[in-house]
Amino acid sequence: MIEKRDFYINGQWVAPAAPRDCAVIDPSTEEPCAVISLGDVADTEAAVAAAKAALPGWAATPPAERLALVEKIYEIYQARAEEMAQAMSLEMGAPIDLARESQVGAGSWHIANFIKAAQDFQWIRPLGDGTPGAMIAMEPVGVVGLITPWNWPMNQVTLKVIPALLAGCTMVLKPSEEAPLSSLLFAEYLHDAGVPAGVFNLVNGDGVGVGTQLSTHPDIEMISFTGSTRAGKAISKAAAETLKRVCLELGGKGANLIFADADDKAVARGVRHCFQNSGQSCNAPTRMLVERSAYERAIEIARETAEATKVGPASLPGKHIGPVVNKSQYEKIQGLIETGIAEGARLLAGGPGRPEDLNRGFFVRPTIFADCTPDMTVMNEEIFGPVLAIMPFDTEEEALRIANATPYGLTNYVQSGDGARRNRLARALRSGMVEMNGQSRGAGAPFGGVGASGRAREGGHWGIEEFCDVKSISGWAE
Ligand code: NAD
């Protein structure tokens, strides 16, 4: 059992003001694997006060020094990658190979992209031709609160902490109480890299406690949040009184439009993408729309792909999928599978209950529903498990209409050999991101959505800008 009750405040590990233990459950075994403490008002106050005191010094630190510190963090992150993979695999159930390659890898990728973006980031620049003495300066927003979920822990933590550091902000991180171990380790990396006391602080806690204390705190200028649409709304309301900037990365219900002229691997690739990380990705392509002439063949491939998807404990090496994160997610997913059946979707693979060979752990059978209709629950609700809904379409217009008929708008996908059609759909799909023919986002591309997916833009240049206030200056001495 790992014991990690302390918080990281003002450059030190400190005991909680009023200790409140919280078990971290290993989702592969349903047994506690660690114990942390949940913070209270006094802990949040101490962390915010430390960040506030450190702000003037950090904001005034030259950007090149801030960048050098992030480069040091990157080195440590790479050198201690195995520990990080083990922590994430244990706390949220990512199979160890996925944890090593993708979960740790996402963090490395973001840090590297931020370093590149910071190298040519213009912190102060002329407004433009014909406006002598007019300058645009990018100033740190101030003290920021960072609230992250459990599904891609280091992906989300690096997307927030690193640009906040580069921009000159000081911060309080509240990681998910479901997956706190990776963030505690990350705090060690920051400490060892020499981040000055008070610049980065970590308080564990839950949403109603530390989460709300940060969202309502008068000394916090901005909340950067990734998580559910439900919590995003609660945070927006809580933050309104103090007029904070609120940047939200929320849920999704991505459509994957597969045309008859798509490449041979498009369907299998779409199924595997939906099931990756046990379906616990906000940008998962969970609605597969297939052109009718290719539909029968597509559902055959989809069924075979689902049946070939192995499920097993996170500690085992291999390409299998792991459990979902906890009991309530497991039960929610089971309920949605039952609803799919009750509403008349055709169960093509998987179904309710655990895979046959597993009698404990939050394991879900890789499930596919075919012949879905746009009104079905499985086509509308974010399931956050390995569950794919498939339906046919007849025309491009119909596919576009169905794809856009969701309050979410994070990532949509198009598979087609017709370049003109791809480009047309890339513009017409209502989402922050469109990925086509299996090509994933480019290095430094902004991650974010529209509508109920939230409107933050994280990563690379845009990610640094999010932690800046734009200042307009005139009368600047040449
Ligand atoms: P969640 O919203 O329950 O929790 C996320 C974080 O918010 C946790 O740290 C939690 O403690 C905190 N929180 C919860 N309620 C809060 C409140 N009222 N005030 C302040 N903080 C609060 O989400 P989750 O279950 O951890 O994560 C899954 C969700 O995250 C899914 O809906 C998924 O789509 C979404 N997600 C979005 C993205 C994205 O970038 N768009 C990325 C990953 C996950």
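Residues numbered from 1 in each chain as written. Predicted model: local features only at pLDDT ≥ 70, side-chain atom pairs only at ≥ 80, totals over all residues. Heavy atoms only, no water.

Engineer: Could you give an account of empty space enclosed by the protein, naming the residues involved and the relevant values?
Structural biologist: Evaluated as defined, the whole model comprises three cavities of 30 Å³ or more. As a volume, the largest cavity reaches approximately 60 Å³. Every residue along the wall of the largest cavity is listed here: Gly252, Lys253, Gly279, Ser281, Cys282, Ala284, Thr286, Glu381, Glu382, Ile383, Phe384 and Gly385. Considered class by class, the residues forming the lining of the largest cavity number four nonpolar, five polar and three charged. (1 Å grid on protein atoms, 1.4 Å probe; cavity = no way out; pocket = protein on both sides within 12 Å on 5 of 7 lines; lining within 4 Å. Points joined across faces, edges and corners; volume = space filled by probe spheres on them. Nonpolar A, V, L, I, M, F, W, Y, C, P; charged D, E, K, R; others polar.)

Engineer: Now, about the sheet that holds strand 1 (residues 2-4): what can you tell me, with residues and values included?
Structural biologist: In spatial order, the strands read 1-5-4; together these three strands make up an open sheet with mixed pairing. Since the sheet does not close on itself, it has two edges, and those belong to strand 1 and strand 4 (21-26), each with one partner. Going from strand to strand, the sheet's axes swing by 25 degrees on average, the running direction of each strand aside. Here strand 1 runs beside strand 5 (residues 31-37); their pairing, made up of three bridges, is parallel. (Pairing = 2+ DSSP bridges. Helix = DSSP H or I, 4+ residues; strand = E, 2+ residues; numbered from the N terminus. Axes fitted to C-alpha atoms, helices over the stretch in contact; angles between N-to-C directions.)

Engineer: Any details on the site of the ligand? Residues and values, ideally.
Structural biologist: As a structural note, the neighbourhood of the ligand is formed by 30 residues, with Gln156, Glu177, Ser228, Leu250 and Glu382 the closest of them. Contact distances for the ligand include 2.8 Å between an oxygen atom and a side-chain N or O atom of Trp150. Bound to the protein, the ligand loses 90% of the 850 Å² it would expose on its own. Listing elements by their share of the shell around the ligand, those giving two or more residues are helix 7 (207-216), strand 11 (222-226) and helix 8 (229-240). Broken down by element, the residue count for the shell around the ligand peaks at four residues, all from helix 8. Classifying every residue of the shell around the ligand gives 13 nonpolar, eleven polar and six charged. (Near = heavy atom within 4 Å. Polar contact = N/O pair within 3.5 Å; in protein donor to acceptor, adjacent residues only side chain to side chain. Areas by Shrake-Rupley, 256 points an atom, 1.4 Å probe, with all protein chains shown as cover.)

Engineer: Summarise the nonpolar core; cite the residues concerned and give the values.
Structural biologist: Of all hydrophobic cores here, the largest spans 71 residues; its most connected members are Val161, Leu165, Phe186, Phe200 and Ile464. Leave out the neighbours within four places in its chain, and Phe186 touches Ile73, Tyr77, Met84, Met154, Val157, Thr158, Val161 and Ile162. In this structure, Leu336, Phe362, Met376 and Met436 belong to the second largest nonpolar core, which totals 29 residues. (Core = buried A, V, L, I, M, F, W, Y, C linked by side-chain atoms within 4.5 Å. Buried < 20%, exposed > 50% of the residue type's maximum accessible area, 1.4 Å probe, protein only. Contact = heavy atoms within 4.5 Å.)

Engineer: Can you break down the side chain of Glu91 residue by residue, with the values?
Structural biologist: For Glu91, the position within the fold is in helix 3 (residues 81-92). Despite its burial, Glu91 remains without a salt bridge, the nearest opposite charge being carried by Lys4 at 10 Å. Excluding residues within four positions of it along the chain, Glu91 makes contact with Val24, Ile25, Pro27, Pro153, Glu178, Ala179, Pro180, Leu181 and Ser182. (Lys, Arg positive; Asp, Glu negative; His and termini not counted. Salt bridge = Lys/Arg side-chain N within 4 Å of Asp/Glu carboxyl O.)

Engineer: Which residues make up the packing of helix 1 (residues 41-60) against helix 7, and what values do they have?
Structural biologist: Look at helix 1 against helix 7: their axes get within 9 Å of each other, and the N-to-C directions meet at 40 degrees. As far as their axial angle goes, helix 7 and helix 1 are oblique. Like other packed secondary-structure pairs, helix 1 and helix 7 cross with a definite hand, here right-handed. For the pair helix 1 and helix 7, contact is made by Val41, Thr44 and Val48 and by Val210, Gln213 and Leu214, respectively. (Parallel < 35°, antiparallel > 145°, perpendicular 65-115°, else oblique. Left-handed = near helix turned anticlockwise from the far one by under 90°.)

Engineer: Residues and numbers for the pattern of salt bridges, please.
Structural biologist: Within this structure, the stated rule accounts for 26 salt bridges. Ionic pairing is found between Glu101 and Lys319, a salt bridge with its closest N-O pair at 3.5 Å. Taken together, the positions of Glu101 in helix 4 (residues 96-119) and Lys319 in the loop between helix 10 (295-307) and helix 11 (327-342) put the pair 218 residues apart, joining distant regions of the chain. Among the residues examined, Lys319 registers a relative accessible area of 74% and is labelled exposed. Between Asp263 and Arg269 there is a salt bridge; the shortest N-O distance is 3.0 Å. With relative accessibility at 33%, the residue Asp263 sits in the partly exposed group. The exposure class of Arg269 is partly exposed, given its relative accessible area of 25%. Within this structure, Lys4, Arg80, Glu83, Glu188 and Asp192 form a network of salt bridges that share partners.

Engineer: Break down the packing of aromatic side chains for me, citing the residues and quoting the values.
Structural biologist: As enumerated under the stated definition, the model contains nine aromatic pairs in all. Between the aromatic rings of Tyr77 and Phe186, the centroid separation amounts to 6.4 Å while the plane-to-plane angle is 80 degrees, which identifies the pairing as edge-to-face. Highlighted residues: Tyr77 in helix 2 (residues 63-79) and Phe186 in helix 6 (residues 181-193), separated in sequence by 109 residues. Between Tyr77 and Tyr189 the ring centres are 6.2 Å apart and the planes differ by 80 degrees, which places this aromatic pair in the edge-to-face class. Taken together, the positions of Tyr77 in helix 2 and Tyr189 in helix 6 put the pair 112 residues apart, joining distant regions of the chain. A residue is classified by how much of its surface remains accessible, and Tyr189, at 0% relative accessible area, is buried. Each residue in the set Tyr8, Trp13 and Phe200 is aromatic and connected to the rest through ring pairs, giving one cluster. (Phe/Tyr/Trp six-rings, centres within 6.5 Å; stacked < 30°, edge-to-face > 60°.)

Scope: geometric values only; no functional claims are made or implied.
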